[in-house]
Amino acid sequence: MLNEAIKNAASIAIGGHVRPDGDCVGSCLGLYRYMKEQFPDKQIDVYLESIPAPFLFLKGADEIRHEILADQIYDLFIALDCGDKGRLGFSAPLFESAKKTFCVDHHVSNQAFANENHIEPDASSTSELVYDLLGVDNISKNTAECLYLGMVHDTGVFRHSCTHPSTMRAAASLMEKGIDFTKIITETFDEKTFAQNQILGYALVNSRLLLNGRGVASSISRQTMESYEVLPKQLDGIVNQLKLTKGADIAIFMYELENGSYKVSLRSTEAVDVSCVAGRFGGGGHARAAGVNMSGTVDEILENLLPVIEEQL
């Protein structure tokens, strides 16, 4: 299905969601490498916001475009790891003007917004879906590095409940391409800068238990981010660390955006479907990992969220 769409297009754009994470970057660059190798005569461009520094080793990372040309029209736009058109950010106009659109995603909140859609909410990651669509025989070492990175990040190194036997088989096949899988995990998932460790410590020290110990929450203001000299993309992993709190069925992490609203990240055990919680406020995601932007103070946001969470608990 995807290969057929690629073969019928002379010019192709790839785009992912705003504030790209490991799965977004891995799936986009993995598909980009594959198409550059398999279809060298086609015009192929990938559009993403700035990606985290640890991902820059991936082949093709230096070719990512961070702005668009007003008159650029593509035969095909492929949206990856993106639940709706608005999440494409600056590349959305290219999606709208493309002659054909294709979406590959694993967000349960995705409403099939492209002309053709391959959406599997139970999949571990979009990177695993791309792996399935391409076929292991057509995947090079460079492509394998990208897809493996994406799978590692969306499964928490194969620990999250979204990890299936098929995920492990796909990971094994990618390892057989000769990738340095230990380096990918260590340098892109485990390692943190000194500033990241400090802000993590701040978030943990200032966290609070809610819902009789079944919830834990923390927040970071813009002033605090500036004080520790960290960017929003360097806050990845804090909510997952909060989720490890013994007895907590849900973790809530909030950081302040430039407009004064908050980006709210939710992680849960099987007791809470956080995609439903986020969906009540215009967000979305997965059953165990979701997010939403909300206005108000931290206390006001919690006052809105907690009753919805309690309905499930």
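Note that the coordinates shown come from a computational prediction; the quantities given were computed from them, not determined experimentally. (Residues numbered from 1 in each chain as written. Predicted model: local features only at pLDDT ≥ 70, side-chain atom pairs only at ≥ 80, totals over all residues. Heavy atoms only, no water.)

Chemist: Looking at this structure, how should I read the overall build of the chain?
Modeler: Across its full length, the chain carries 12 helices and 11 strands. By the compact-globule yardstick of 20 Å for 313 residues, the chain fits well, its C-alpha radius of gyration being 19 Å. Overall, the chain is about 60 × 40 × 35 Å in size when its C-alpha atoms are taken along their principal axes. Going through the 313 residues of the chain one by one, you find that 52% of them count as buried. Contacts in the chain between residues at least 24 apart in sequence constitute 64% of all its contacts with a sequence separation of at least 6. Total accessible area on the chain stands at roughly 14100 Å², and carbon and sulfur atoms take up 47% of it. Each charge class in the chain can be summarised by its mean position, and for the 27 positive and 42 negative side chains these summaries are 2 Å apart. (Helix = DSSP H or I, 4+ residues; strand = E, 2+ residues; numbered from the N terminus. Rg over C-alpha atoms; globule rule 2.2 N^0.38 Å. Buried < 20%, exposed > 50% of the residue type's maximum accessible area, 1.4 Å probe, protein only. Contact = heavy atoms within 4.5 Å. Areas by Shrake-Rupley, 256 points an atom, 1.4 Å probe, with all protein chains shown as cover. Lys, Arg positive; Asp, Glu negative; His and termini not counted. Charge placed at Lys NZ, Arg CZ, Asp CG, Glu CD.)

Chemist: Please clarify how the packing of aromatic side chains should be interpreted in this entry.
Modeler: Counted under the stated rule, the structure contains eight aromatic pairs. Aromatic pair Phe77 and Phe95: ring centres 5.6 Å apart, planes at 80°, arrangement edge-to-face. Of this pair, Phe77 sits in strand E3 (residues 76-80) while Phe95 sits in helix H3 (residues 92-97); the two residues are 18 residues apart in sequence, bridging distant segments of the chain. Taken individually, Phe77 and Phe95 each receive the classification buried, so the pair is uniform in this respect. (Phe/Tyr/Trp six-rings, centres within 6.5 Å; stacked < 30°, edge-to-face > 60°.)

Chemist: Help me out: how do you make sense of the sheet that holds strand E9 (residues 262-268) in this one?
Modeler: To summarise the sheet geometry, strands pair through backbone hydrogen bonds and adopt either a parallel or an antiparallel arrangement. If you trace the six strands from one edge of the open sheet to the other, you get E6-E7-E8-E9-E11-E10, paired in mixed fashion. Only two strands of the sheet have a single neighbouring strand rather than two, namely strand E6 (208-210) and strand E10 (284-285). Here E6 runs beside strand E7 (residues 215-220); their pairing, made up of three bridges, is antiparallel. Its bridge partner lying in E7, Leu209 is registered against Val216. (Pairing = 2+ DSSP bridges.)

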